[in-house]
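Geometric and topological summary
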There are 2 protein chains.
Amino acid sequence: MYLEKINGPEDIKKLSIDELKILADETRKALINKISNAGGHIGPNLGMVEMTVALHYVFNSPQDKIVFDVSHQSYPHKILTGRKQAFLEAEHFHDVTGYTNPLESEHDMFTIGHTSTSISLALGLAKGRDVNHRDENIIAVVGDGSLSGGEALEGLDYAGEYDKNLIIIINDNDQSIAENHGGIYKTLKELRETNGKATNNLFKGFGLDYRYLDDGHDIQKLVALFESVKNIGHPIVLHIHTIKGKGLPYAEANRESWHAGGPFNVEDGTPKFNAGVNDTTVFDSLKNLLDTNSKAVVLNAGTPMGLGFVKGIREEYVKSGQFVDVGIAEENAMAMSSGIAKNGGTPVFGTFAPFLQRTYDQMSHDLCLNDNPATILVLSPGVYGMNSNTHIALCDIQMFAHIPNLIYLAPASKEEYRQMFQFATTQKKHPVAIRVPGEMVETGVEDTTDYSICNKNKVEQQGTKVALFAVGVMVPMAMKIAKQVKEELNLEITVINPHFLTGLDEELLNSLKENHELVITIEDGELMGGYGQTIASFYGDSNMKVKNYGISKAFHTDFDADKLLEENGISVQNIVKEIKAAF
Amino acid sequence: MYLEKINGPEDIKKLSIDELKILADETRKALINKISNAGGHIGPNLGMVEMTVALHYVFNSPQDKIVFDVSHQSYPHKILTGRKQAFLEAEHFHDVTGYTNPLESEHDMFTIGHTSTSISLALGLAKGRDVNHRDENIIAVVGDGSLSGGEALEGLDYAGEYDKNLIIIINDNDQSIAENHGGIYKTLKELRETNGKATNNLFKGFGLDYRYLDDGHDIQKLVALFESVKNIGHPIVLHIHTIKGKGLPYAEANRESWHAGGPFNVEDGTPKFNAGVNDTTVFDSLKNLLDTNSKAVVLNAGTPMGLGFVKGIREEYVKSGQFVDVGIAEENAMAMSSGIAKNGGTPVFGTFAPFLQRTYDQMSHDLCLNDNPATILVLSPGVYGMNSNTHIALCDIQMFAHIPNLIYLAPASKEEYRQMFQFATTQKKHPVAIRVPGEMVETGVEDTTDYSICNKNKVEQQGTKVALFAVGVMVPMAMKIAKQVKEELNLEITVINPHFLTGLDEELLNSLKENHELVITIEDGELMGGYGQTIASFYGDSNMKVKNYGISKAFHTDFDADKLLEENGISVQNIVKEIKAAF
């Protein structure tokens, strides 16, 4: 076994090409060992094994610097740079994160998880090198799926003007998370089919030097290619064809399903655990809209599965033109939504909250300034979303709630979500965003709220002395608090579900002054700049006491949602205690 | 005179080609009449005259829909679609805005002023048309300078997959606001020099159909080209070469200076009014940094003049690699800044606040998550920035203040700016953004604050009963309020300049509880989610009364800054009155 002797790139350089091949096989086995037992990004990493071995054989990391786009394909890099135990031994599986992480290793340049960033980050490293008069190699590794993002394209453009060492590796496995979308992929295909010789070449269109390698799993060819560009004095694109899921036949055959997932049985790919039943609330609402409104268009940006439009289901709607995947290109999706609404369609654009950060300007300027009635689904924001610091979205309220014209709604249940969705997709006055929590309760009671009455809050329970404002997903906790306060203090308190995050129900807030002394707000996002502080401001010059609860300002990571809430004082026990202390 | 008979596109269609040429000349004269007297975007509009005449001759607006990128080149379109008086008669100059505006005319699709949006917006109009089973032409007009923006590139990519009518006109005048930057412009030049036949073709790289026209001022050729693609069944790029400033020799000769400006004498281009002395505070700080720190890099995104690096000054620093213009590509500039800081450089990226909206994700994920010590200059935020709804930035605090790791500083004077800049560019711990108001006072007193003490506020004046927190540029008003309160109530109040917007000085805030009863906050941005509400939240469960002042939530436009403040209660008179009512 070679891998056991590999503690860093210097050990790789001692091997022969034939030994490198064995090392690659051992690396692949280590990958499969961990991912089959602990889950993770399968396809992207299996496709990067040989390239990573060759990179570390030819280049001298960490002096030479490699930036992995998204960095979900950096597991082989981790295995080869001193972190193999995290892939070989179950007790160390959680020693490393799923993305590059400078806190783990000097071989990792950035903590990243968003797509399309590597070329620009590498350009920055290159400029930093230049002003320090050094000459190390700077390498960006970016998948074909990441090329559709504006930041990657801006990076390619500036690289086309830049005139010093920069090596951009396009890891082309002909696949995004789902299938690729965009004109780029037509011409990448032409390049693959002509061994890089086709005339229509995006990279050359950006003024870049270009080379093609058809077999990204041939270590000898990879080493030769990398040797040929090592210390090159200008930017160059190395377009390398790889196979996503390489080495696991079922993963190679079904690249979308095997992008990432949970533990599985290696022999046949069957899952080790039942995946549980997927919540189809969002999907059902979208499907019903498309089936009943021929002018409706559902847009997504490279994450169709986030909306439930998995393979086998979306094709029918793609064909009818009603389901649009623009590729990883949220800016385009948001602006298109504005245009569709302007020209008589009913657009719904939905994606995960952290990725909506990429389209702030289009949300504000292209959509809301024009006040066009598009619906935006903000998926899994707050603590019940993804829990990696690379993918958290604790500031969705700060981002969106202050944008003029936008109505930002927070459902507390599936029934409310359905009614809000119905409102959003039938009204023609304003853009509406819906904050869709990762988990929604089903109350069994139909919501008949008229959401056209802007900023009207729902009083879940009318009481006295204390009013609890709970944003969306926090309503069930607020009800539990109220129940316990009733039991312990024999006090019936008021519970308010604001529904609207983009403005206050001033009439209701004023009425509370009559027989309430304390308002408590609870939200599952960052406290600073959040919903609750607007309530505190409203009551600032009155006698009402206000206590805001939200999450502390930090890039929280690897957290348990309920524990993080509790650490920030958001638990039934703590808030009941707070109320007891006040009365 | 033909123009007097033109009240809309239907009147243009009655003319012969020779008459169209005369109409174009008259349109150009109308343009020059207005801009020479009232200022505006000169170069972009002079270059669009013939193309706009031909567009309205061939296509049927508003059924056929034209989206102008940035829309700063839409004056000829306004002249030809019923709004000529605004260009012919001084008393009507202000009847129209400088950008397209659906409230003015059914021929205007969107209110826009940000760059790179037209292709995506047009794609949206196209999809809206499709689901309505109509077949009008959808046309995007985008300048070469706008092509470097991620949104435009994402749009080109999706257009390469889209399969129905869409006409993308690349108005190539070989110029952004300043010179173009990026590899795109090398290959656009090759295309211009080969009459569109060069091999390296970005548009074909995106899988798009393509045609070239060398003379974008030849109406006959323009009409023929447009006729040839009218009702085309797939997306096509029309690459049309025009001359920025066409018709004014001095504007043609100096395209950067004549992008936009104030009134001028037509005969020789001399300005009608003295421009006044430019404030060089920001420029001086940057120049000094570059001259004294060889590892410093100043980045901008297509707006070098915003940093004072005008033509004749920047070349020296461009040559040394210390001044980088990435073109209109804020995402790339922000990510590069993170990379430069990571690799031992001292990056400063500065641009206008509204354009920083385009790089929210890179600010949060690429820069702040990695906690790299880059300096970001947020130019002209708040009410003292640009005052068009297309270009306002009243929500910079909401955008940036909640991002973890970032230090967001608000200078109240030139001296504070200089000291903050010094701190930001010498510390190595965190990203620092500085909120640079459009106008800064010079106090004459050097600022020696140690800004490494995070969240430490400055007590400008220690008093009792009332504490005024004034964000940056509002400090002088707060001092005036204090003076008047002293005069009228014989009460010395406290005035606090928070310096830091990303956190509270809790020690100070707690100490105020001892002998203060009212805290008033004043900021020049949106009230909701702003700085003041965080103070209200801090005091929410105490006896301190808090009154927050900020700007109401709306896309305010064409406002006078002081009047807008006053409308929101932010005036010496009103706040003194508030204090008098309380005591």
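If you're wondering where the values come from, they're calculated on a predicted model, not measured in any experiment. Think of each chain on its own: its residues are numbered from 1, step by step along the sequence as written. Whichever chain is written first is A, and whichever ligand is written first is 1; the rest continue in order. Local features in a predicted model are, by the rule used here, given only for residues with pLDDT of at least 70; side-chain atom pairs are given and counted only at 80 or more, and totals for whole chains, interfaces and linings are based on all residues.

1. Some remarks on the overall build of chain A
In plain terms, the rule: In this description a helix means any DSSP run of H or I spanning at least four residues, a strand means any run of E spanning at least two, and both kinds are numbered starting from the N terminus. As a reference, a globule follows 2.2 Å times the number of residues to the power 0.38, and the radius of gyration itself is taken over C-alpha atoms. Every C-beta atom is placed from the backbone, and the number of other C-beta atoms within 10 Å of a residue's own sets its class: buried at 20 or more, exposed at 12 or fewer, partly exposed in between. Any two residues are considered in contact once their C-beta atoms, placed from the backbone, lie within 7 Å.
The secondary structure content of chain A amounts to 24 helices and 16 strands. Expected size for 583 residues packed as a compact globule is a radius of gyration near 25 Å; at 26 Å, chain A falls within 12% of this value. With the C-alpha coordinates aligned to their principal axes, the bounding extent of chain A is approximately 80 × 55 × 50 Å. Counting across all 583 residues of chain A, residues that qualify as buried make up 60%. For chain A, the share of sequence-separated contacts (at least 6 apart) that also reach a separation of at least 24 residues comes to 77%.

2. Focus: the pairing of strand S8 (residues 346-352) of chain A
All names here are of chain A. What counts here: A pair of strands counts as paired when DSSP detects no fewer than two bridges linking them.
Most of S8 is tucked away: seven of the seven residues are buried. Relative to S8, strand S6 (residues 296-300) runs parallel, the two being bridged by four bridges. What sits directly across from Leu 299, in S8, is Phe 349. Relative to strand S9 (residues 375-379), S8 is paired through five bridges, and the arrangement is parallel. Each residue of the ladder has a partner; that of Gly 350, found in S9, is Leu 377.

3. A few points about the interface of chain B and chain A
Contact with chain B, which involves 97 residues of that partner, is made by 97 residues of chain A. Elements that contribute at least two residues to the side of chain B that touches chain A include exactly helix H7 (118-131), helix H8 (150-161), helix H9 (184-193), helix H10 (202-205), helix H15 (330-342), helix H17 (360-368), helix H22 (531-538) and strand S18 (545-551) of chain B. When residues of the side of chain B that touches chain A are assigned to their parent elements, the largest contribution, 11 residues, is made by H7 of chain B.

4. Describing the sheet that holds strand S17 (residues 516-526) of chain B
The strands that make up a sheet pair up through hydrogen bonds in the backbone, lying either parallel or antiparallel. Residue and element names in this part refer to chain B. What counts here: Where helices are involved, their axes are fitted lines through C-alpha atoms of the stretch in contact, as for all axes, and angles between N-to-C directions lie from 0 to 180°.
Judged by pairing direction, the sheet is mixed, and its five strands sit side by side in the order S14-S16-S15-S17-S18 without closing on themselves. Either end of the sheet is taken by a strand with one partner, and the two such strands are strand S14 (458-461) and S18. Taken pair by pair, the neighbouring strands of this sheet meet at an average axis angle of 25 degrees, ignoring direction. Note: S14 against strand S16 (residues 494-497), three bridges, orientation antiparallel.

5. Observations concerning the relation of the copies chain B and chain A
In this structure, two copies of a chain are linked by a rotation about an axis accompanied by a shift along it. Spelled out, the test is: Each copy is superposed on the other by least squares, with the fit set by C-alpha atoms of residues at a pLDDT of at least 70 in both.
Overlaying chain B with chain A gives an RMSD of 0.0 Å, the required rotation being 180 degrees about an axis along which the chain moves by 0.0 Å. Interpreted geometrically, this transformation is the action of a two-fold axis. The position closest to the rotation axis in chain B is occupied by the C-alpha of Gly 150 of chain B, lying 1.8 Å away. Both copies share a contact surface, since 100% of the interface residues of chain B are interface residues in chain A too.

6. Things to note about the packing of helix H2 (residues 17-38) of chain A against helix H11 (residues 219-229) of chain A
All names here are of chain A. Operational definition: When an angle is under 35 degrees it counts as roughly parallel; over 145 it counts as roughly antiparallel; between 65 and 115 it counts as roughly perpendicular; any other value is oblique. Handedness of a crossing follows from how the near helix is turned relative to the far one, being left-handed for an anticlockwise turn of less than a right angle and right-handed for a clockwise one.
With their axes 9 Å apart at the nearest point, H2 and H11 run at an angle of 115 degrees to one another. Considered as vectors, H2 and H11 are oriented roughly perpendicular to each other. Along this stretch, H2 crosses H11, giving a crossing that reads as right-handed. For the pair H2 and H11, the contacting residues are Ile 17, Leu 20, Lys 21 and Ala 24 in the first and Ile 219, Gln 220 and Val 223 in the second.

7. Thoughts on the environment of Tyr 549 of chain B
Residues and elements named next belong to chain B. As for its position among the elements, Tyr 549 is in strand S18. Among the residues examined, Tyr 549 registers 24 C-beta atoms within 10 Å and is labelled buried. Not counting residues within four places of it along the chain, the set of residues in contact with Tyr 549 comprises Ile 520, Thr 521, Ile 522, Gly 532, Asn 568, Gly 569 and Ile 570.

8. Let's talk about the domain arrangement of chain A
One widely used convention gives an interface's size as the accessible area the parts lose upon coming together. Residue and element names in this part refer to chain A. To be explicit about the condition: Where each domain starts and ends follows an automatic or database-derived domain assignment.
We note that the domain assignment places domain 1 (3-248), domain 2 (281-436) and domain 3 (458-582) within chain A. When each unit is reduced to the centre of its C-alpha atoms, the spacing between domain 1 and domain 2 is 32 Å. Contact residues are listed per partner, giving 19 residues for domain 1 and 14 residues for domain 2.

9. Regarding the confidence of the model for chain A
Filter applied, for reference: pLDDT runs from 0 to 100 and stands for how confident the predictor is about each residue.
Chain-level pLDDT for chain A is 96 on average; 99% of the residues reach the 70-or-more range. Taken over the whole predicted complex, pTM reads 0.97, whereas the ipTM for its chain interfaces reads 0.97.

10. Remarks on the sheet that holds strand S4 (residues 209-213) of chain A
Residue and element names in this part refer to chain A. Strand order in the open sheet formed by five strands is S1-S2-S3-S5-S4, with parallel pairing between adjacent strands. Taken across any chain shown, the strands that pair with only one partner, and hence form the sheet edges, are strand S1 (65-68) and S4. Taken over all neighbouring pairs, the strand axes of this sheet differ in orientation by 20 degrees on average, direction set aside. Note: strand S2 (residues 138-143) against strand S3 (residues 166-172), five bridges, orientation parallel. The partner of Val 141 across the bridge, within S3, is Ile 169.

11. Section: the nonpolar core
Definition in use: Here, a nonpolar core denotes buried Ala, Val, Leu, Ile, Met, Phe, Trp, Tyr and Cys residues that are linked to one another through C-beta atoms within 7 Å.
Membership of the largest hydrophobic core comes to 363 residues, with the highest contact counts inside it found for Ala 122, Ile 434 and Leu 468 of chain A together with Ala 122, Ile 139, Ile 434 and Leu 468 of chain B. Not counting residues within four places of it along the chain, the set of residues in contact with Ile 434 of chain B comprises Leu 377, Val 378, Leu 409, Pro 411, Tyr 417, Met 420, Phe 421 and Ala 424 of chain B.

12. What about unusual backbone geometry?
All names here are of chain A. Residue Ser 61 is joined to Pro 62 through a cis peptide bond whose omega torsion reads 10 degrees. Structurally, Pro 62 is set in the loop between helix H4 (49-58) and S1. In this model, Val 70 sits at a positive phi of 65 degrees, which is unusual for a non-glycine residue. Even without being glycine, Asp 174 reaches a positive phi, approximately 55 degrees.

13. Topic: the packing of helix H8 (residues 150-161) of chain A against H8 of chain B
Quick reminder of the rule: Polar here means any residue other than Ala, Val, Leu, Ile, Met, Phe, Trp, Tyr, Cys and Pro, which are nonpolar, and Asp, Glu, Lys and Arg, which are charged; Gly is therefore polar.
Closest axis-to-axis distance for the H8 of chain A/H8 of chain B pair is 8 Å, and the angle between their directions is 105 degrees. When the axis of H8 of chain A is compared with that of H8 of chain B, the two are roughly perpendicular. Counting all contacts with H8 of chain A, which are made through Gly 150, Glu 151, Leu 153 and Glu 154 of chain A, the residues of H8 of chain B involved are Gly 150, Glu 151, Leu 153 and Glu 154 of chain B. Here the contact of H8 of chain A with H8 of chain B is composed, by residue class, of two nonpolar, two polar and four charged.

14. Looking at the pairing of strand S11 (residues 375-379) of chain B
All names here are of chain B. Among the five residues of S11, five are classified as buried, and the element is accordingly described as predominantly covered. Along S11, one buried face is formed by Thr 375, Leu 377 and Leu 379 and the opposite face, lined by Ile 376 and Val 378, is buried too. In this structure, S11 lies alongside strand S13 (residues 432-436), joined through five bridges in parallel fashion. Within S13, the position partnered with Leu 377 by the bridge is Ile 434.

15. Brief notes about H8 of chain A
Residues and elements named next belong to chain A. Just so we agree on the cut-off: To estimate how far a helix should reach, multiply one less than its number of residues by 1.5 Å.
Taking 1.5 Å as the rise per residue, H8 with 12 residues should run 16 Å; its terminal C-alpha atoms sit 17 Å apart, in good agreement. Most of H8 is tucked away, with 12 of its 12 residues classed as buried. Of the residues making up H8, those classed as buried are Gly 150, Glu 151, Ala 152, Leu 153, Glu 154, Gly 155, Leu 156, Asp 157, Tyr 158, Ala 159, Gly 160 and Glu 161.

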